[in-house]
Amino acid sequence: MHASLGLSTVVLLLCVQIAFSSRIVKRSEDLRQQVVGELNEFRAKYANAVQVSNMNELSYDSELEKVASQYNSCHLDRDTDDRRQGEAYYYLYKKQLEDDFVEYAALHRNETEQLKSYFTNEDLFFAVLQPNVNKVGCYHFPSICVHKIWFFAAKFTDVKRSTVRGLCIFGPKHNFTPKDTYYGKPGSHCSGKHTSDGLCKAEDLRQQVLRELNEFREKFAKAAQVSNMNELTYDLELEKVARHYNSCRYESLPDRIERYQFHVLYKKKVENDFIEYTAQHRNDTKELKEFFGNEDMFFWVLQSKIEKVGCFHFSKLCVREIWYRAAIFTDITRSPVRGYCIFGPKERFTSDDIYYGKPGSHCSGERTRGGLCKVTN
């Protein structure tokens, strides 16, 4: 009798615990969806007020939530606060503060330079209104917290103190600047689809890097008049290979990445500078061919006959020195690096594989509108 009663009690307590845990999980998920909805609403309102054309829609990221949970106090100690400064973060202030700023921004929508200069790294809206971020994770403080508002905010609001619900961290981690903001009709500068509010829908990371690499190849083909530049497709097997090279530092890699056809994902300006240099030397095909030695930083990504690619993206921001010979076309000596890409098929390519003429004119089959050769399996 007692044993039966004890067992029933245990089962009852277990059921209560499961039900309670389910409620907590549901509440946490509801809270995540609520905050990402509020942040996207703020971004959409600002984009419409100022006519920002490339404001990304945010999605929730559990890994960034883990980062945010490290800053789990309303008032941080100095070491933790210093560490937080390296993140793209935003405190969840009262809504009036955001609404006041949107109203201020709408009144100054034509003063884009003033608005750009307002977004310095110390600005309380720098991260949340950075157009290129596309994911967020947040930590909600367990008790009420109150912050004094940055004194510069007096320009647009009379709020001096605000309750703070928590802290959010945004990604991907990058060196953002005010120049990342483009102006025009909201959504008009999106690379793909956009929401009804004008926020750019985030691309899958694989599709994003594939598009960027094909754009680079397309621009080079046009600048140098390469007639047989293949369009790349994404390959998951090559991605598995790239995942072995998950460190920014060469000396930390498991083996030499040079044995593969690889490319380092540098900042876009390095690529754009090379395109400009190429266009200026488009008639000097011999010089361009000589530039593409095996040690050249663009040898593989601009190798015309490669057909597929797989990439690994670093989880943390990484900075690398630029190959010294790149000084011939760019003044950039150091660049953030997003990851590595491996290309295929693996063959012995040379600069003689590049043919010159109207882009797409040397394709064996169909070509894209930009002059890349479509590869058929």
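Scroll up to find the structure.
This section reports on the structure supplied with the text. This one's a predicted model, so the numbers in the text were calculated from it and none came from an experiment.

Criteria and thresholds
- Along every chain, residues carry numbers that run from 1 in the direction the sequence is written.
- Residue-level local features of this predicted model are given only where pLDDT is at least 70; pairs of side-chain atoms are given and counted only at 80 or more, and the full residue set underlies all totals for whole chains, interfaces and linings.
- With hydrogens and water stripped out, all remaining heavy atoms of the structure feed into the side-chain values.
- Strands are treated as partners if at least two bridges between them are detected by DSSP.
- A run of H or I in DSSP counts as a helix once it spans at least four residues, and a run of E counts as a strand once it spans at least two, with each numbered from the N terminus.
- Accessible area is worked out with a 1.4 Å probe on protein chains only. A residue is then buried under 20% of its type maximum, exposed over 50%, and partly exposed in between.
- What the arc measures is the spread of directions leading from the helix axis to the C-beta atoms.
- Definition of a polar contact: a pair of N or O atoms within 3.5 Å, with one able to donate and the other able to accept a hydrogen when the atoms are protein atoms, and with sequence-neighbouring residues admitted only if both atoms are side-chain atoms.
- Contacts between residues were defined by any pair of non-hydrogen atoms, one from each residue, lying within 4.5 Å.
- Interaxial angles span 0 to 180 degrees and are taken between N-to-C directions of axes, which are lines fitted to C-alpha atoms, for helices over the stretch in contact.
- Any residue with an atom within 4 Å of a point lines the site, the site being either a cavity, points on a 1 Å grid over the protein atoms alone where a 1.4 Å probe fits but cannot get out, or a pocket, an open set with protein on both sides within 12 Å along at least 5 of 7 lines.
- Grid points are joined across faces, edges and corners, and a volume is the space filled by probe spheres set on the points.
- Residue polarity is assigned by list, with Asp, Glu, Lys and Arg as charged and Ala, Val, Leu, Ile, Met, Phe, Trp, Tyr, Cys and Pro as nonpolar; anything else, Gly included, falls into the polar class.

Notes on the pairing of strand E7 (residues 308-321)
Where strand E5 (residues 233-234) meets E7, 2 bridges bridge the pair, whose relative direction is parallel. By the bridge assignment, Tyr234 is partnered in E7 with Val309. As defined by bridge partners, E7 adjoins strand E8 (residues 334-344) across 10 bridges and the pair is classed as antiparallel. Considered in E8, the bridge of His313 is made with Gly339.

Quick notes on helix H7 (residues 236-243)
Leu238, Glu239 and Ala242 are the residues of H7 that are buried. Viewed end-on, H7 has its buried residues packed into an arc of 105 degrees, placing them on one side of the element. Facing away from the buried side of H7 by over 90 degrees, the exposed positions are Glu237 and Lys240. By the N-cap criterion, in which a side-chain oxygen at the helix start approaches the backbone nitrogen of a residue two or three places on, H7 is capped by Asp235, the distance to Glu237 being 3.0 Å.

Re the sheet that holds strand E4 (residues 161-171)
Within the open sheet, the 4 strands sit side by side as E1-E3-E4-E2. Their pairing is mixed. Only two strands of the sheet have a single neighbouring strand rather than two, namely strand E1 (59-60) and strand E2 (89-91).

Observations regarding the sheet that holds strand E6 (residues 262-264)
To summarise the sheet geometry, strands pair through backbone hydrogen bonds and adopt either a parallel or an antiparallel arrangement. Judged by pairing direction, the sheet is mixed, and its 4 strands sit side by side in the order E5-E7-E8-E6 without closing on themselves. Strands with a single pairing partner mark the edges of an open sheet, and in this sheet they are E5 and E6. Against the sheet, helix H6 (residues 205-224) contacts E5, E6, E7 and E8, and its axis sits at roughly 90 degrees relative to E7. On the sheet, H7 packs against E5, E7 and E8 and is oriented at approximately 30 degrees with respect to E7.

A few points about empty space enclosed by the protein
Under the definition given, this model contains 2 cavities of 30 Å³ or more. Counted as a void, the second largest cavity has a volume near 50 Å³. For the second largest cavity, the full set of lining residues is Glu212, Glu215, Phe216, Lys219, Lys268, Glu271 and Asn272. When residues of the lining of the second largest cavity are traced back to their parent elements, those giving at least two are H6 and helix H8 (268-280). A per-element tally of the lining of the second largest cavity places H6 first, with 4 residues. Along the lines of polarity and charge, the residues of the lining of the second largest cavity split into 1 nonpolar, 1 polar and 5 charged.

Description of the pairing of E4
Within E4, 8 of the 11 residues are buried, which leaves the element mostly enclosed by the surrounding structure. As defined by bridge partners, E2 adjoins E4 across 3 bridges and the pair is classed as antiparallel. Its bridge partner being in E4, Tyr89 is matched across the sheet by Ile169. Here 10 bridges tie strand E3 (residues 135-148) to E4, and the two strands are oriented antiparallel to one another. Its bridge partner lying in E4, His147 is registered against Ser162.

Bear in mind that shape data such as this cannot, by itself, settle questions of function.
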